[in-house]
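Chain by chain, the residues run as shown.
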Amino acid sequence: MTKDSAKLSYALIDFYISLYADKYGKKPVINKHREKWAMNDVIESVGYDRSRVLLEYYFRVSSDNRHALNWFYFNFDRLDDMLDKKMRDEERRAKMREETRRMVEEVDRRTNES
């Protein structure tokens, strides 16, 4: 692990700690030196920016385990798939709403012309 990748790992761990503290009102007890290795694997898999997005998403969904960091390490790929599907669904729904709006306008226009 290079110094730069270690810094990114520590930055994500600090970001996790801040999200946890915001959600639960206290900081979790974490061994940052040990956790940097697992966080580095996450970064290598999906990149730093996507890892940050996934951590934010993780704290927006409900959790039975108080948003445990180990759960995130073992399931970040599933979170990534879920978030990707959600974003595609939102885009599809926006497109359908726009098409429906156009169709209604067309019907209104035809009705007014008659």
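These lines cover the structure that appears in this document, whether it is placed above or below. (Residues numbered from 1 in each chain as written. Predicted model: local features only at pLDDT ≥ 70, side-chain atom pairs only at ≥ 80, totals over all residues. Heavy atoms only, no water.)

### Overview of the overall build of the chain
- What the chain contains, in helices and strands, is 4 helices and 0 strands.
- When the elements of the chain are put in sequence order from the N terminus, they spell out α-α-α-α.
- Relative to its length of 114 residues, the chain is extended, with a C-alpha radius of gyration of 21 Å against a globular reference of 13 Å.
- Taking the principal axes of the C-alpha coordinates as reference, the chain spans close to 75 × 30 × 20 Å.
- Looking at the 114 residues of the chain, the share that counts as buried comes to 28%.
- Positive and negative side-chain charges of the chain, numbering 24 and 22 respectively, have mean locations separated by a distance of 5 Å. (Helix = DSSP H or I, 4+ residues; strand = E, 2+ residues; numbered from the N terminus. Rg over C-alpha atoms; globule rule 2.2 N^0.38 Å. Buried < 20%, exposed > 50% of the residue type's maximum accessible area, 1.4 Å probe, protein only. Lys, Arg positive; Asp, Glu negative; His and termini not counted. Charge placed at Lys NZ, Arg CZ, Asp CG, Glu CD.)

### Here we look at the pattern of salt bridges
- All told, the structure shown has 13 salt bridges when counted by the stated rule.
- Note that R102 is salt-bridged to E98, the shortest N-O span being 3.5 Å. Separated by 4 residues within a single helix, R102 and E98 lie in helix 4 (residues 69-113), roughly one turn from each other.
- Classification of R102 by relative accessible area gives partly exposed; the value is 48%.
- Residue class for E98 comes out partly exposed when judged on its relative accessible area of 28%.
- Among the charged side chains, a salt-bridge network with shared partners connects E98, R101, R102 and E105. (Salt bridge = Lys/Arg side-chain N within 4 Å of Asp/Glu carboxyl O.)

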